[in-house]
Amino acid sequence: MNDEASKLWELQQVISELAELDRQLNVKPESFAAVDREYQVANEDMERLQTSLDGMSKERRRVDGELSDQQELLKKYQGQLMQVKNQQQYAAAWKEIDATRKHVKELEESVLKSMTDADAVQKQLDERRGGFDDLKSRYDTEHAAWQGSLGDLRAAIEKLKVKQEEIESHLPEKLKREFWRIAKQRAGVGVARIVGDTCSACRTRVRPALSQQLKRGELVYCEGCHRILYLERPAS
Ligand SMILES: [Zn+2]
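Only a predicted model underlies this, so the values are computations on that prediction, with no experimental measurement involved.

### Concerning the sheet that holds strand S2 (residues 198–199)
For sheets, the rule is that strands pair by backbone hydrogen bonds, running either parallel or antiparallel.
Then, number 1: Taking strand neighbours across the sheet as the criterion, the three strands line up as S2-S1-S3 in an open arrangement whose pairing is mixed. Each of the sheet's edge strands pairs with one partner strand only, and the pair in question is S2 and strand S3 (228–230).
Then, number 2: Sheet topology note: the strand S1 (residues 191–195)/S2 ladder contains two bridges and is antiparallel. Note that in S2 the partner of Val195 across the bridge is Thr198.

### Things to note about the coordination of the zinc ion
Then, number 1: On the protein side, the zinc ion has Cys199 (SG), Cys202 (SG), Cys222 (SG) and Cys225 (SG) as donor atoms, found 2.3 Å from it.
Then, number 2: Here the zinc ion is ringed by four donor atoms whose angles at the metal span 99 to 114 degrees, and the overall shape comes out tetrahedral.
Then, number 3: On the primary sequence, the residues serving as donors to the zinc ion are separated as C-x2-C-x19-C-x2-C. Here Cys225 lies in the loop between helix H6 (208–215) and S3 and Cys199 lies in strand S2, a separation of 26 residues in the sequence.

### Quick word on the packing of aromatic side chains
Then, number 1: In the structure shown here, the tally under the stated rule is six aromatic pairs.
Then, number 2: Ring geometry for Phe179 and Trp180: centres 5.3 Å apart, planes at 80 degrees, overall edge-to-face.
Then, number 3: Judged by relative accessible area, which is 0%, Phe179 ranks as buried.
Then, number 4: A network of ring pairs unites the aromatic residues Phe32, Tyr39, Phe132, Tyr139 and Trp146 as a single cluster.

### Section: the pairing of S1
The side chains of a regular strand alternate between the sheet's two faces.
Then, number 1: Bridge count between S1 and S3: three bridges; the pairing is parallel. Bridging from a neighbouring strand, Val191 pairs with Ile228 of S3.
Then, number 2: Hairpin geometry of S1 and S2 is characterised by an intervening segment of two residues between the two adjacent antiparallel strands and by a positive phi of about 55 degrees at Gly196.

### Here we look at the nonpolar core
Then, number 1: Ranked by size, the top nonpolar core spans 36 residues in total, and within it Leu8, Leu11, Phe132, Leu135, Phe179 and Val191 carry the most contacts.
Then, number 2: Secondary-structure elements contributing two or more residues to this core are helix H1 (3–25), helix H2 (30–82), helix H3 (87–148), helix H4 (151–169), helix H5 (173–185) and S3.
Then, number 3: Here this core gets nine residues from one element, more than from any other, and that element is H1.
Then, number 4: Contacts of Val191, omitting those with residues within four sequence positions, involve Leu8, Trp9, Gln12, Phe179, Ile228 and Tyr230.
Then, number 5: Core analysis: the second largest hydrophobic core is formed by 10 residues, Ala192, Ile194, Cys222 and Leu229 among them.

### With respect to the pattern of salt bridges
Then, number 1: Under the defined criterion, the tally for this structure stands at 21 salt bridges.
Then, number 2: Between Asp36 and Lys28 there is a salt bridge whose closest N-O contact spans 2.8 Å.
Then, number 3: Residues participating in the shared-partner salt-bridge network are Glu38, Asp134 and Arg138.

### Re the packing of H1 against H5
The relative placement of two packed helices is expressed as an angle between their axes plus a distance between the axes.
Then, number 1: Closest axis-to-axis distance for the H1/H5 pair is 12 Å, and the angle between their directions is 45 degrees. Considering their axes alone, H1 and H5 lie oblique with respect to each other. Crossing of H1 over H5 shows right-handed handedness. Where H1 abuts H5, its residues Glu4, Leu8, Leu11, Gln12 and Ile15 lie against Leu175, Phe179 and Trp180.

### Brief notes about the packing of H1 against H4
Then, number 1: For the pair H1 and H4, interaxial distance at closest approach is 10 Å and the crossing angle is 155 degrees. In terms of their interaxial angle, H1 and H4 are classed as roughly antiparallel. Handedness of the crossing formed by H1 with H4: left-handed. Side by side, H1 and H4 meet where Lys7, Glu10, Leu11, Val14, Ile15, Glu17, Leu18, Leu21, Asp22, Gln24 and Leu25 of the first sit next to Leu153, Arg154, Ala156, Ile157, Leu160, Lys161, Lys163, Gln164, Ile167 and Glu168 of the second.
Then, number 2: Taken together, the residues of the contact of H1 with H4 break down into 11 nonpolar, two polar and eight charged.

Definitions and limits used
Residues numbered from 1 in each chain as written. Predicted model: local features only at pLDDT ≥ 70, side-chain atom pairs only at ≥ 80, totals over all residues. Heavy atoms only, no water. Pairing = 2+ DSSP bridges. Helix = DSSP H or I, 4+ residues; strand = E, 2+ residues; numbered from the N terminus. Donors = N, O, S within 2.8 Å, 3.2 Å for Na, K, Ca; no water. Tetrahedral: all angles 85-135°; square planar, octahedral: opposite > 155°, others 65-115°. Phe/Tyr/Trp six-rings, centres within 6.5 Å; stacked < 30°, edge-to-face > 60°. Buried < 20%, exposed > 50% of the residue type's maximum accessible area, 1.4 Å probe, protein only. Core = buried A, V, L, I, M, F, W, Y, C linked by side-chain atoms within 4.5 Å. Contact = heavy atoms within 4.5 Å. Salt bridge = Lys/Arg side-chain N within 4 Å of Asp/Glu carboxyl O. Axes fitted to C-alpha atoms, helices over the stretch in contact; angles between N-to-C directions. Parallel < 35°, antiparallel > 145°, perpendicular 65-115°, else oblique. Left-handed = near helix turned anticlockwise from the far one by under 90°. Nonpolar A, V, L, I, M, F, W, Y, C, P; charged D, E, K, R; others polar.

Here it is in structure tokens:
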């Protein structure tokens, strides 16, 4: 009799069931998934609009700085105009003034344009924010409904965890560690049942010699996937 292998097999079934329930726990129902998508999109939109606004405001500060430099420069040239001594200097000063004025005008237009652009983005952001409270409350409601519906599932998981502990408490420490070492490396499956002479996990044939060892109650590993093999014995 190999009681250990059947205990391990029992443990394996509990572990597999727990994994399945855990998966179900994380599957979003469509009613929540729909509002969740909407919520994510709204968040991304607001983030994108805010980033765009931040960029605009940074550029605006740069242009403002350049504008004030150019205005200073213009004042300086206008001062120089008062001190010219001949026609040539006068013409040169006027040329500078003219060019700087043009530059100032361009910068002022650019400031106006960026204000208009920023207003438009701000308006979009405000609209998004305006609808967001409603969306957030729908999101919260659906999320709470979903979580509320999981009570039975959670209770089943708790029960299985108790069962898992119970089984593990009857296993020698070394064997338990061995089981978990394999399970962690192999998708949560440390023990595989033999069905029709093959390992049900990897379909490797179990050699007759190994079958004999199993029948004698020895711990045998699959030669294909290295999981612990479990041979179901007919009820006696
Ligand atoms: Zn195998």
